[in-house]
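Breakdown of the fold
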Amino acid sequence: DTGVSQNPRHKITKRGQNVTFRCDPISEHNRLYWYRQTLGQGPEFLTYFQNEAQLEKSRLLSDRFSAERPKGSFSTLEIQRTEQGDSAMYLCASSLGLGPDTQYFGPGTRLTVL
Amino acid sequence: DAKTTQPPSMDCAEGRAANLPCNHSTISGNEYVYWYRQIHSQGPQYIIHGLKNNETNEMASLIITEDRKSSTLILPHATLRDTAVYYCIVRAAINRGGGNKLTFGTGTQLKVEL
């Protein structure tokens, strides 16, 4: 399968714990995006990378959130001191970074904070 | 990016064509119309996109009105597996000053029934 992959698929944690999610984009895709989706809503943009550079961050991305893409390939999204409001589906997408720039999404990581 | 308006829900009989409308009256000349769908608890799936001309691929057809203020996604022979939330998104190409994120609304919940 050459699509976008995300791990883990599900994560249950206790409030106050740190969690880290991983996204592996489609090979040769320069851009990588993170979105968050809560129940009944469409996905909301969090941040994106062009290669290893993080070029845009949403105001939804509080100080407790940090994303990295160290070698311009896979990316990690870390949430520190999780809160119950962080419970959501975290989605990763990748694109070539050209023209219409179609984004292809992974299956998501479902986070539940108890 | 221009805003879009979609009906919150639609029903379709299996085997029939599903026609999903989208209004984007403020679309500008360099903005594409994208369609994604999201089956319950999965990541969004890219379906099709277009600029001015009608487009067809193995999944669907996209009909864009001549004034580009509205479009229709057509699933020619809907099956139960097409039950999903369908999102219509307008976004410029990144080399035409387009934003980098996809802005999702709440979409149309399509229910395909026997």
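See the structure above.
No experiment lies behind these values; they were computed from the predicted model shown.

**Points about the state of the cysteines**
- Within this structure, the stated rule accounts for two disulfides over all chains.
- Each disulfide pairs two cysteine sulfurs, and for C23(A) the partner residue is C92(A), the sulfurs being separated by 1.8 Å. Disulfide C23(A) to C92(A): torsion about the S-S bond roughly -65°, handedness left-handed. Residue C23(A) is located in strand β3 (residues 19-24), and its partner C92(A) is located in strand β9 (residues 88-95); the two are separated by 69 residues in the primary sequence. Comparing C23(A) with C92(A) shows no difference in burial state: the two are buried.
- Here C12(B) stays free of any disulfide, with the sulfur of C22(B) as its closest cysteine sulfur at 18 Å.
- The class for C12(B) is buried, based on a relative accessible area of 9%.

**Re the pattern of salt bridges**
Residues and elements named next belong to chain B.
- Scanning all chains against the criterion turns up seven salt bridges over all chains.
- Across the pair E113 and K111 runs a salt bridge, and its minimum N-O distance is 3.6 Å.
- A residue is classified by how much of its surface remains accessible, and E113, at 34% relative accessible area, is partly exposed.

Rules of the game
- Every chain is numbered on its own, with residues counted from 1 as its sequence reads.
- All chains are assigned letters beginning at A, and all ligands numbers beginning at 1, according to the order in which they are written.
- Given that the model is predicted, a residue must reach a pLDDT of at least 70 before its local features are reported, and side-chain atom pairs must reach 80 or more before they are shown or counted; all residues, however, enter totals for whole chains, interfaces and linings.
- Side-chain descriptors were evaluated using all non-hydrogen atoms of the structure, hydrogens and water having been removed beforehand.
- Any pair of cysteine sulfurs within 2.5 Å is marked as a disulfide.
- Only runs of H or I of at least four residues qualify as helices and only runs of E of at least two qualify as strands under DSSP, and these elements are numbered from the N terminus.
- Exposure classes here rest on a 1.4 Å probe applied to the protein chains alone. A residue is buried below 20% of its type maximum, exposed above 50%, and partly exposed in between.
- Every case where a carboxyl oxygen of Asp or Glu lies within 4 Å of a side-chain nitrogen of Lys or Arg is listed as a salt bridge.

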